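# A structural walkthrough
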Amino acid sequence: MKVQMKNLLRSAAILLTVMTALTLSAAAADRVKISAGVVEGAGTQQSTGVRIFRGVPFAQPPTGDLRWREPQPVKSWRGVKQATSFGPRCMQAPVFGDMGFRSAGMSEDCLYLNVWTPAKSSGERLPVLVYFYGGGFVAGSADEPRYDGAEMAAKGIVAVTVNYRLGVFGFLAHPELTKESPHNASGNYGLLDQSAALRWVRQNIAAFGGDPRRVTIAGESAGSMSVSAQMASPLSKDLIAGVIGESGSMMGNSISAVPLSQAEQGGVKFAATLGVSSLSALRAMTPERLLEEAAKGGMASVQCFRITVDGYFFPEDPAAIYTAGRQARVPLLVGWNSEEAGWASFLRGQEPTPANYEKVMREQLGERADEALKLYPASNREEVIASATDLAGDRFIGYSTWKWFDLHLKTGGGPVYRYFYTRPRPPMRPEMGNASAGLAGGVVRGQNAPAAPPARGAVHAAEIEYALGNLSLVRVYAWTPDDYKVSKTMQEYFANFIKKGDPNGPGSPPWPAANTKDNAGSAPQIMKLDVESRAEPDKTRARYMFLDQLSAKP
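The sections below set out a description of the structure shown in this document. Everything quoted here is computed from the prediction, not taken from an experiment.

### Some words on the overall build of the protein
A tally of regular secondary structure across the protein gives 18 helices and 18 strands. Buried residues in the protein amount to 56% of all 554 residues. Taking the contacts inside the protein whose residues are at least 6 apart along the sequence as the reference set, 75% of them involve residues at least 24 apart. When the accessible area of the protein is evaluated, it comes to approximately 22,900 Å², of which 55% is carbon and sulfur surface.

### A few points about the layout of surface pockets
Any empty space left between atoms is shown by rolling a water-sized probe over those atoms. In this structure, the second largest pocket occupies an estimated 640 Å³ of space. S338, D390, F420, T540 and R543 are the residues nearest the centre of the second largest pocket, which is lined by 27 residues in total. Elements supplying a minimum of two residues to the lining of the second largest pocket: strand 13 (332-337), helix 15 (381-411), strand 14 (416-421), strand 17 (525-529), strand 18 (534-537) and helix 18 (541-552). Among the elements that take part in the lining of the second largest pocket, helix 15 stands out by supplying six residues, more than any other. By residue class, the composition of the lining of the second largest pocket is eight nonpolar, eight polar and eleven charged.

### Brief notes about the pattern of salt bridges
If you walk through the whole model with that rule in mind, you get 28 salt bridges. Of the charged contacts in the structure, one is a salt bridge between K296 and E293, with a shortest N-O distance of 3.0 Å. The class for E293 is buried, based on a relative accessible area of 13%. Between D406 and K410 there is a salt bridge whose closest N-O contact spans 3.0 Å. In this pair, D406 and K410 both sit in helix 15, four residues apart, roughly one turn of the helix. Each of R289, E292, E293 and K296 takes part in one network of salt bridges that share partners.

### Some thoughts on the packing of helix 5 (residues 189-204) against helix 6 (residues 222-232)
The N-to-C vectors of helix 5 and helix 6 enclose an angle of 70°; their axes lie 10 Å apart at closest approach. With respect to helix 6, the element helix 5 is oriented roughly perpendicular. Read as a crossing pair, helix 5 and helix 6 show a hand that is right-handed. Every residue of helix 6 that contacts helix 5 at L191, Q194, S195 and L198 is listed here: S226, A229 and Q230.

### With respect to the pairing of strand 7 (residues 126-132)
Buried residues dominate strand 7, accounting for seven of its seven residues. As judged from the five bridges shared by strand 7 and strand 8 (residues 158-162), these two strands associate in the parallel manner. Each residue of the ladder has a partner; that of F132, found in strand 8, is V162.

### Structural notes on the state of the cysteines
Inspection of every chain in the model, using the stated rule, returns one disulfide. Between C90 and C110 runs a disulfide, and the two sulfur atoms are separated by 2.1 Å. When the S-S torsion is 90°, as for the bridge of C90 with C110, the disulfide is right-handed. With C90 in the loop between strand 5 (80-83) and strand 6 (112-117) and C110 in the loop between strand 5 and strand 6, this residue pair connects regions lying 20 residues apart in the sequence.

### Structural notes on the packing of aromatic side chains
Tallied over the full model, the rule gives 18 aromatic pairs. Aromatic side chains F313 and F314 sit 4.9 Å apart centroid to centroid with 75° between the ring planes, which places their arrangement in the edge-to-face category. An angle of 20° between the planes, with centres 5.8 Å apart, marks the rings of W402 and Y544 as stacked. Here W402 is found in helix 15, whereas its partner Y544 is found in helix 18, with 142 residues between them in sequence. The structure contains a cluster of three or more aromatic residues connected by ring pairs, namely Y133, F137, Y164 and F171. Lying across the ring of W77, K81 places its NZ or CZ 4.9 Å from the centre. Lying over the aromatic face of F405, R418 brings its terminal NZ or CZ to 5.1 Å of the ring centre.

### Describing the pairing of strand 10 (residues 242-246)
Most of strand 10 sits inside the fold, with five of its five residues counted as buried. The two faces of strand 10 match: G242, I244 and E246 on one face and V243 and G245 on the other face are all buried. Handedness of the β-α-β unit built from strand 9 (residues 210-220), helix 6 and strand 10 comes out right-handed. Bridge count between strand 10 and strand 13: four bridges; the pairing is parallel. Counted as the bridge partner of I244 is L333 from strand 13.

### A look at helix 18
Residues spaced three or four apart along an α-helix face the same direction, because each turn holds 3.6 residues. Spanning twelve residues, helix 18 covers 16 Å between terminal C-alpha atoms, matching the ideal 16 Å at 1.5 Å per step. Among the residues making up helix 18, those that are buried are R543, Y544, F546, L547 and D548. Where the residues of helix 18 are buried, they touch strand 13, helix 13 (354-365), helix 14 (369-375), helix 15 and strand 14.

### Some points on the nonpolar core
The biggest cluster of nonpolar side chains holds 146 residues, and the ones touching the most others in it are V130, Y357 and M361. No other element matches the ten residues that helix 15 contributes to this core. If sequence neighbours within four positions are ignored, M361 has contacts with F346, G366, A369, A372, L373, Y376 and L391. In this structure, F86, W116, A153 and A159 belong to the second largest nonpolar core, which totals seven residues.

Parameters at a glance
Residues numbered from 1 in each chain as written. Predicted model: local features only at pLDDT ≥ 70, side-chain atom pairs only at ≥ 80, totals over all residues. Heavy atoms only, no water. Helix = DSSP H or I, 4+ residues; strand = E, 2+ residues; numbered from the N terminus. Buried < 20%, exposed > 50% of the residue type's maximum accessible area, 1.4 Å probe, protein only. Contact = heavy atoms within 4.5 Å. Areas by Shrake-Rupley, 256 points an atom, 1.4 Å probe, with all protein chains shown as cover. 1 Å grid on protein atoms, 1.4 Å probe; cavity = no way out; pocket = protein on both sides within 12 Å on 5 of 7 lines; lining within 4 Å. Points joined across faces, edges and corners; volume = space filled by probe spheres on them. Nonpolar A, V, L, I, M, F, W, Y, C, P; charged D, E, K, R; others polar. Salt bridge = Lys/Arg side-chain N within 4 Å of Asp/Glu carboxyl O. Axes fitted to C-alpha atoms, helices over the stretch in contact; angles between N-to-C directions. Parallel < 35°, antiparallel > 145°, perpendicular 65-115°, else oblique. Left-handed = near helix turned anticlockwise from the far one by under 90°. Pairing = 2+ DSSP bridges. Disulfide = S-S within 2.5 Å. Phe/Tyr/Trp six-rings, centres within 6.5 Å; stacked < 30°, edge-to-face > 60°. Lys NZ or Arg CZ within 6 Å of the ring centre and 35° of its normal. Right-handed = clockwise from strand over helix to strand, strands pointing away. Expected span 1.5 Å × (residues − 1). Core = buried A, V, L, I, M, F, W, Y, C linked by side-chain atoms within 4.5 Å.

Without other data, these values stay purely geometric and don't point to any function.
Shown next, in the form of structure tokens:
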């Protein structure tokens, strides 16, 4: 009996030792040493082997005296920092309704990023995707489900999403801020946050199994404008190997960069609305008070806190940088959607009749209206709706994205791939009740939710969850097998591009670069992304050349 008991105790001790070793091994596998210390992740997805690290700080909290300063390197820590929960989202008003945040709350202390990696060791040198969210530079967060990086990571990519400061916290310019800056610049703090995150990736991503020399940056709407900005900035352009832009650029739209002096005067006016005249008084205010005042204009706050040609992040206007070929000379994949804006926004609520359409066209374009009516014809109700949809979308964001495409095509030196995304989202799930789609992909809930007309095409931001493989995480819509087919195709294109600067791969319809010898000329082929994706000749160039002339008019 004693011998048996000893054997049992010995076996139990051995089992305990083995279990302890396995537990420690699992814990060690979730720990990564980066420049500032050790982080421990949220664990590994059993189905994919993807390891997840949430809420990793990449800069010091931009609070107190660091409010409205260039992001500072994160301070080192001792021990193990838990990276299991998303960091707080940056300060913002609910401009776009429910954007599906997964963070616990909102804070001025928000400079955190998230990493999804399939690598088992630091030596794998996998390609990297860094994704910047949209939201008009006044809203959004890296924790939104549609930006989740797990599905891209499952394809052999280290995926990163990044928070950056928004609105008054990210883009306030002021003469006192310019004076205290070592670069004689102010504003653009949100863009500087993104640049700091790219430097963090260059320094640390190898620890997660990523290749710091194979970093593709991507984003949608304000995120797309951001990546066009990072391409142009001398602070970031050498940190980038490839770029994906979805609907938006820094050129040819209402959010284009303005001179620093203009932005400074906007900051002075904002301070006056708060009854203060000094920078110290502004810094002494609570973030809640600043946000309350900044948010009074709603979307107007986009215009109050402008991106600036500050002489530092932007040494000159972004369009001039691209025209001269001084941007990052890397492969670009870029495109936009078929219903970026609705016809009613152009007709201002009037009935879609040819007479109303022509009246509005002449009111807005004057002597150029006849040219516009040829490019956007409207002889009957259906044609009015189609042309007004095209024109509204082009003026909102299509032309801006085309301008980026066209300039980089001429001066970028690398392959350029253009898409046109046309898949409408399916109806919302019945359990959503009183809800309608929001402007930037969010959801407006409640009895007063405006009834949105059925989508004629792909609305603004509709492609994000398809491109990143996240339909299952966006539980708003009744996805169909066709939606999953579109998502598979688009995600494959994106993954191929991230890996090799070329979206083409086995099983996908061929996608010719717009600047290859057999795809040159006035109508290069572009990729139409839908249930049956295919390359088609571009039939829209005349529209964008016309809008380009209007944009250049003093």
